[in-house]
Amino acid sequence: MNPVASSTMNGEIGTSTSSSPAPAAGQGQHPEGLKTYFKTPEGRYQLHYEKSHPSSLLHYTHGKSVSQLTLAHLKEKPPSASPAPSSSFSASGGIRYAAKLLGASNGARALSIVGGNGTSKAVTGASRNATLASSVYSNPLPTSSFDGKGTYLIFNVGDTLYISDLNSHDKDPIKSIPFGNSNPVFHAFDPDAKDGHDLLIGLNSGDVYSVSLRQQLQDVGKKLVSAQHYNKDGAGRDGTGDSSFPVIKDSAQFSVVHAKSNKSNPISRWHICQGSINTLAFSPDGTYLATAGRDAYLRVFDYEKEQLICGGKGYHGAILCCAWSMDSKYILSGGEDDLVQVWSMEDRKVVAWGEGHSSWVSAVAFDPYWSPPSSDGAEETVMYRFGSVGQDTRLLLWDFSMDEIVFPLRRCPPGGSPTYSMGSQSSHWDNVVPGGTLQPSPRMQDVPKLSPLVAHRVYSEPLSGLIFTEDSVLTACREGHIKVWVRPECSKNQSTSEKEKMMLPGIVSGLNHK
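Predicted model only: the values in this text are computed from it and were never measured. Each chain carries its own residue numbering, running from 1 in the direction its sequence is written. Where totals are concerned, whole chains, interfaces and linings use all residues; where local detail is concerned, this predicted model gives features only for residues with pLDDT of at least 70, and gives and counts side-chain atom pairs only at 80 or more. For the side-chain quantities, the full set of heavy atoms in the structure was used; hydrogens and water were omitted.

A. Summary view of the overall build of the chain. Counting from the N terminus, the helices are the DSSP runs of H or I reaching at least four residues and the strands are the DSSP runs of E reaching at least two. When helices and strands are tallied, the chain shows three helices and 37 strands. In the chain, buried positions account for 52% of the 514 residues. Areas reported here follow the Shrake-Rupley algorithm with a probe of radius 1.4 Å; residue values treat only the protein chains shown as occluding. Only carbon and sulfur atoms are counted for the fraction: they give 50% of the accessible area of the chain, which is about 23,000 Å². Think of it in three bands: residues with accessible area under 20% of the maximum for their type are buried, residues over 50% are exposed, and the middle band is partly exposed, with areas taken using a 1.4 Å probe on protein chains only.

Spelled out as structure tokens, the structure:
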């Protein structure tokens, strides 16, 4: 057993209780040793219900693909909204959609940016190959009274994309979209997309589709509705707006090339590294783009200036995931070294690393809704809560504050032990790393170490997804099973509400009797 994990508030200890809401059908079969709760200083997180795909689905159809998780919140439908989307694809807030397109020239991996100045055509059965196995329907939908307001979970298993209603306790999804010969490997949601195409789907074939989530929900058939199609050769594959890019001359160098036509999509190609790009994330303020690569480097770019700001190498193996803090000051990363690293944008380097997983870290995320139990909002100290999940089937929660972690004073002499001190690292560490450079892995004894607050075994299969919401924590395993863990304060409110409902019939009956 990992010594760090054994000293945490482990949710595996204790016996499962029956005080939680009854799980939906088929959800009560928890393997032995899996608990339906885990404890934190602020209280108990309770398993509320589960989401999954139809049980008849064969796992890893058409090859293995790891299940990813996207949370989508649909606002109330505008009264003047038209059911037919615009023929152009635009993104809001100056941030364009980005997708990982595979199969770039020279065998390298590149990032293509799909932007707002492109002219894309609605996909029809005759305009593309059989990737979707005739599952695309591009005719405009008739006017519908369906509003679609709510919160939805989007996840992929094998060659199929699923959409599930988060607020419903029904286990099965409300819509499934099979892609035939290709597997979805990437999806993202933009609630402020101006043209209504708020859902982006990337396939392992290198094809990218943008669709309206509301329109997909209007037609629950197994097909995409009014999809826009993009690939590295240009939009629509009909010969218009050719955005073919030149051959990459030096695969070891970062380069950006823009499309020849201003009517093309993708609008540019970013060649990041020689290996594949495992994930990417825009900072919440829209300034930076972080990428994690197969070459074990985390890179941070100024998106508008198209310049490398900083980056560094992990300790061992590829970096598989990364995530930004809410204030865009810190980046989390995790990967094949079983560690979680915290990168500072101010210092442009790793400022802490966490040990607790016993296998690859597959997803990391900050909790934007958490605040310290004793916090009144007036304290100067900023504390962050973040989580990580891994192939060791466990969820780990961590607390992090630059004012409270222990910092090494200086590099320790050979064979000696480092000296530590509390407080800001600026008085102890070297100067800020110069911009535009990639740093080697720092020695582990020179960087503060974090220990997890909670270590909880969530599922019997490796985990692949983690999302924090205002009311809950969502975890997903690689086979597409999702668990919803309700926060302590929400769990108490629900228990009180259920008790009131149980008492209500008696009260009403007594009033009627009188």
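B. A look at the packing of aromatic side chains. A pair of aromatic rings is counted whenever rings of Phe, Tyr or Trp (Trp by its six-membered ring) have centres within 6.5 Å, and the orientation is called stacked for planes under 30 degrees apart, edge-to-face for over 60 and tilted otherwise. Applying the stated criterion across every chain, the model contains 15 aromatic pairs. For the pair tyrosine 330 and tyrosine 384, a centre-to-centre distance of 5.3 Å together with 75 degrees between the ring planes defines the contact as edge-to-face. A residue pair is termed long-range when its members are at least 10 positions apart, and tyrosine 330 in strand E24 (residues 330-335) and tyrosine 384 in strand E28 (residues 384-390) qualify at 54 residues. Accessibility expressed as a relative area gives 11% for tyrosine 330, which makes it buried. Overall, tyrosine 384 belongs to the buried group, its relative accessible area being 5%. Put simply, the rings of Tyr330, Phe366, Tyr384, Phe386, Trp398 and Phe400 touch in pairs and so form one group of aromatic residues.

C. Representation of the confidence of the model for the chain in the model. What pLDDT conveys is the predictor's confidence in a given residue, as a value from 0 to 100. Put simply, the chain has an average pLDDT of 75, and 65% of its residues get 70 or more. It only takes one pair of heavy atoms within 4.5 Å for two residues to be counted as in contact. Note on residues 1-29: pLDDT is under 50 here. Beyond four places in sequence and across chains, it has 55 contacts. Under a pLDDT of 50 for its full length, residues 409-413 has, in the predicted model, 16 contacts with residues more than four places off or in other chains.

D. Structural detail: the pairing of E28. Counting buried residues along E28, seven of its seven residues qualify, which places the element largely inside the surrounding structure. With burial as the criterion, each face of E28 is covered, one bearing Tyr384, Phe386, Ser388 and Gly390 and the other bearing Arg385, Gly387 and Val389. When DSSP finds at least two bridges between two strands, those strands are taken to pair. Bridge count between strand E27 (residues 361-366) and E28: five bridges; the pairing is antiparallel. Opposite phenylalanine 366, over in E28, you have phenylalanine 386 as the bridge partner. Where E28 meets strand E29 (residues 394-400), six bridges bridge the pair, whose relative direction is antiparallel. If you follow serine 388 over to E29, its bridge partner there is leucine 396. The loop that links E28 with its antiparallel partner E29 comprises three residues; one of these, threonine 393, has a positive phi angle of about 70 degrees.

E. Structural context of the nonpolar core. Buried Ala, Val, Leu, Ile, Met, Phe, Trp, Tyr and Cys residues form a nonpolar core when they are joined through side-chain atoms within 4.5 Å. Membership of the largest hydrophobic core comes to 19 residues, with the highest contact counts inside it found for Tyr330, Val342, Phe386 and Phe400. Only strand E23 (319-324), E24, strand E25 (339-344), strand E26 (349-355), E27, E28 and E29 provide two or more residues apiece to this core. Contact partners of phenylalanine 386, with chain neighbours within four places excluded, come to Leu332, Val340, Val342, Ala365, Phe366, Asp367, Leu396, Leu397, Trp398, Phe400, Leu450 and Phe468.

F. Spatial organisation of the environment of arginine 457. Position of arginine 457 relative to the elements: it lies in strand E34 (residues 454-457). Under the relative-accessibility criterion, arginine 457 is labelled partly exposed at 25%. With 62 residues separating them in the primary sequence, arginine 457 and leucine 395 have C-alpha atoms 6.3 Å apart.

G. Representation of the environment of isoleucine 177 in the model. For isoleucine 177, the location among the structural elements is in strand E11 (residues 175-178). The class of isoleucine 177 is buried, set by a relative accessible area of 1%. A sequence separation of 39 residues divides isoleucine 177 from glutamine 216, and the C-alpha atoms of the two residues are 9.4 Å apart. Residue contacts for isoleucine 177: discarding those within four places in its chain leaves Asp159, Thr160, Leu161, Gln216, Lys223 and Leu224.

H. Highlighting the sheet that holds strand E1 (residues 37-40). The sheet built from five strands is open, its strands ordered E1-E2-E37-E36-E35 with antiparallel pairing. Single-partner strands in this sheet number two, and they are E1 and strand E35 (463-468). Direction aside, the axes of adjacent strands within the sheet are offset by 25 degrees on average. In the sheet, E1 pairs with strand E2 (residues 43-51) via four bridges, with the strands oriented antiparallel. By the bridge assignment, lysine 39 is partnered in E2 with arginine 44. In this analysis an axis means a line fitted to C-alpha atoms, helices contributing only their contacting stretch, and an angle means the value between N-to-C directions, from 0 to 180 degrees.

I. Representation of the pairing of E35 within the structure. With six of its six residues buried, E35 lies for the most part within the structure. Bridging between E35 and strand E36 (residues 472-477) involves five bridges; their strand directions are antiparallel. Pairing of phenylalanine 468 across the sheet is with valine 473, part of E36.

J. Spatial organisation of the pattern of salt bridges. Salt bridge, as used here, is a side-chain nitrogen of Lys or Arg placed within 4 Å of a carboxyl oxygen of Asp or Glu. Taken as a whole and assessed by the stated rule, the structure comprises ten salt bridges. For arginine 385, the salt bridge identified is with glutamate 42, shortest N-O distance 3.0 Å. One end of the pair, arginine 385, is in strand E28; the other, glutamate 42, is in the loop between E1 and E2, with 343 residues separating them in the sequence. Judged by relative accessible area, which is 22%, glutamate 42 ranks as partly exposed. A salt bridge links glutamate 336 to arginine 294; the shortest N-O distance between them is 2.8 Å. Placement of the pair is glutamate 336 in the loop between E24 and E25 and arginine 294 in the loop between strand E20 (288-293) and strand E21 (297-302), with a sequence separation of 42 residues.

K. Molecular detail of the side chain of threonine 469. With respect to the helices and strands, threonine 469 occurs in the loop between E35 and E36. Classification of threonine 469 as buried rests on a relative accessible area of 9%. At 2.8 Å, the side chain of threonine 469 forms a polar contact with the side chain of serine 472. What qualifies as a polar contact is a pair of N or O atoms within 3.5 Å, subject to a donor-acceptor requirement within protein and to the restriction that residues adjacent in sequence count only when both atoms come from side chains.

L. Expanded view of the sheet that holds strand E14 (residues 208-211). Taken in spatial order, the four strands line up as E12-E13-E14-E16 in an open sheet, and their pairing is antiparallel. What marks the edges here is a single partner per strand, and that holds for strand E12 (184-189) and strand E16 (228-230). Taking the axes of each pair of neighbouring strands and ignoring which way they run, one obtains an average angle of 20 degrees across the sheet. Summarising the sheet, E12 and strand E13 (residues 199-203) pair through five bridges and their orientation is antiparallel. Within E13, the position partnered with histidine 187 by the bridge is isoleucine 201.

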